[in-house]
Structures are given as C-alpha cells and as structure tokens.
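Read off the chains here:
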Amino acid sequence: MSPLTRLPRRLLGATAIASLVALAGVSGAQAGQQQYEPLSASVQAALQGAVSDRAPGHPVFASHALRDHWLSEMSRQLAKRIPDARYRHDLLLSVHYEATRAGLDPQLVLGLIQVESNFRKYAVSSAGARGYMQVMPFWSKLLAQSEDNLFHLRTNLRYGCTILRHYLDIEKGDLFRALGRYNGSLGKADYPNKVHAAWQRWAYQPPAELITAANQTAARP
C-alpha cells in the first residue's frame, strides 16, 4: 500500500492547523492537468464561495516567535529559487494562509508547487495549466470567476488549495487518489510519490523552547 493512501487525520478538518514540515528540493517540474468534471449545484456553489472570498490573509501560528522561525527557515531554503526576500516572504505567508484555510498542510502545498511548477510564477503547461499550482483555466469559468488572473499569487494559491481540498473530499481523505486527480493521472503512482517526496524532504522541527513558550502563553487566563 502506498504511504499516501490515506491523508493523516490531523489534516482532514477544514479548520485544522497543520504541523510544520518543510519542503525539499526536487529538480524537475511536472505540470498539472486537472480534468473537467460536471459538478452538482451545491458543490459548485461551495467552491465558488471558497475562491471568491477575498479577505486579507493572516496566517495562523501559535506565536509570533514560531511564525518568525518558520518563515526564516522556509525563506532560507527558497532563497536560491526566489532571490527577492520580500516576495519570497509574501509567497510563503500566502501559502501558509491558503493551505491552512483549506485544511491542508502548508508543507504539502509547498511540495506540490515544487513538483508542479518548480516555483515559477508564470509556468504554463502544454495543456494550458497556469502558475505556481498549475491551475487549469476551466476552473475560473466553471466557478463564474472568468475575470480571475490565475497568474496572480494569491488567486493561484486560493484556486489550487481549494481544488486539492475538493479532490480530497471526493476521495474521502485519500491523498494518493486526490493528487492523482489534481495532476490528471488518477491511479498512477509517479506523481503522488513525487509530491510525497518533496513534502517529506524539507523536514522542519520548531525549537522546543518556542513551542513551550507558545503553550504557556495560550494557557494564561
């Protein structure tokens, strides 16, 4: 059985705060080709609401110290791919916000971006998938958001995380199959295994003292 057959329970809830595991470098990029599938009216309305919520993103961390440490570690690892520090920080915080908002591990999303576009903002696949998370253009039309620019940082992340969450819901938490749907290669192991490898290699462990301090602050009346 593939290690990706079932998504860990802590990632299934829509409000889950994912633990921090960092992204590893994977040299290639593999463009996504989500397949068009008819949606029920209720599902379409739910997805439309998810992508059209444009509230400012504020990533959720247990403390400012944990936020700063995570951001520093992730930024250091992304520096060679994205030299602009300010943009790099914006990307990382946006990924954390959109992933957490969708009940996904931010490091899983970073791994998916690594495999899909190798962090190229304007990447376009042969099938026309666009941006960091290689979102197919039919999604914006399907969700009545045809004016959305899928190369825009937050728009691309919002769509990509919403789509992956949708596929996870369809597959009842089966990450292997959800990733196959995302890439248009359902049932094949190559793509899910690449994402899994990217997700696991950038291991991150927050310092124990920061976790202790955050817990103590949370416990105060």
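Residues numbered from 1 in each chain as written. Predicted model: local features only at pLDDT ≥ 70, side-chain atom pairs only at ≥ 80, totals over all residues. Heavy atoms only, no water.

Time to look at the packing of aromatic side chains. Scanning the entire structure with this criterion turns up 4 aromatic pairs. On the basis of an interplanar angle of 45° and a centroid distance of 5.5 Å, the ring pair of Phe61 and Trp70 is categorised as tilted. With centroids separated by 5.5 Å and ring planes inclined at 50°, the aromatic side chains of Tyr122 and Phe151 adopt a geometry described as tilted. Taken together, the residues Tyr122 in the loop between helix H4 (106-117) and helix H5 (138-142) and Phe151 in the loop between H5 and helix H6 (153-170) connect sequence positions 29 residues apart. Judged by its relative accessible area of 58%, Tyr122 falls in the exposed class. An aromatic cluster is defined as three or more aromatic residues linked by ring pairs; in this entry it consists of Phe138, Trp139 and Tyr167. (Phe/Tyr/Trp six-rings, centres within 6.5 Å; stacked < 30°, edge-to-face > 60°. Helix = DSSP H or I, 4+ residues; strand = E, 2+ residues; numbered from the N terminus. Buried < 20%, exposed > 50% of the residue type's maximum accessible area, 1.4 Å probe, protein only.)

Further remarks concern the packing of helix H2 (residues 64-78) against helix H9 (residues 208-219). In the contact formed by H2 and H9, the axes pass within 9 Å of each other and the chain directions differ by 150°. Taken together, the axes of H2 and H9 lie roughly antiparallel to each other. Only Leu210, Ile211 and Ala214 of H9 make contact with H2, whose side of the interface consists of Ala65, Leu66 and His69. Of the residues contributing to the contact of H2 with H9, the split by class is 5 nonpolar, 1 polar and no charged. (Axes fitted to C-alpha atoms, helices over the stretch in contact; angles between N-to-C directions. Parallel < 35°, antiparallel > 145°, perpendicular 65-115°, else oblique. Contact = heavy atoms within 4.5 Å. Nonpolar A, V, L, I, M, F, W, Y, C, P; charged D, E, K, R; others polar.)

Residues Met133, Trp139, Leu164 and Tyr182 are the most contacted members of the largest nonpolar core, which totals 48 residues. Mapped by element, the contributors of at least two residues to this core are H2, helix H3 (85-101), H4, H5, H6, helix H7 (175-183) and helix H8 (190-201). With 8 residues, H6 is the largest single contributor of residues to this core. (Core = buried A, V, L, I, M, F, W, Y, C linked by side-chain atoms within 4.5 Å.)

So, on to the confidence of the model for the protein. The pLDDT averaged across the protein works out to 79; a share of 72% of its residues lies at or above 70. Every residue in residues 5-29 scores below 50 in pLDDT, and together they form 91 contacts with partners more than four places removed in sequence or on other chains. (pLDDT = per-residue confidence, 0-100.)

Between its terminal C-alpha atoms H2 stretches 21 Å, which fits the 21 Å expected from 15 residues at 1.5 Å a residue. Of the residues making up H2, those classed as buried are Leu66, Trp70, Leu71, Met74, Ser75 and Leu78. One face of H2 carries all of its buried residues, which in axial projection span an arc of 155°. Lining the buried residues of H2 we find H3, H4 and H9. (Expected span 1.5 Å × (residues − 1). Arc of directions from axis to C-beta.)

The subject of this paragraph is H3. Here H3 contains 17 residues, and its C-alpha end-to-end distance of 24 Å stays within 8% of the 24 Å for a straight helix at 1.5 Å per residue. All of the buried residues along H3 are Arg88, Leu91, Leu92, Leu93, Ser94, Val95, His96, Tyr97, Glu98, Ala99 and Thr100. Along its buried surface, H3 packs onto H2, H4 and H6. The N-terminus of H3 is capped by Asp84, whose side-chain oxygen sits 3.0 Å from the backbone nitrogen of Arg86. Trailing H3 by a residue or two, Gly103 shows a phi angle of about 75°, which is positive. (Polar contact = N/O pair within 3.5 Å; in protein donor to acceptor, adjacent residues only side chain to side chain.)

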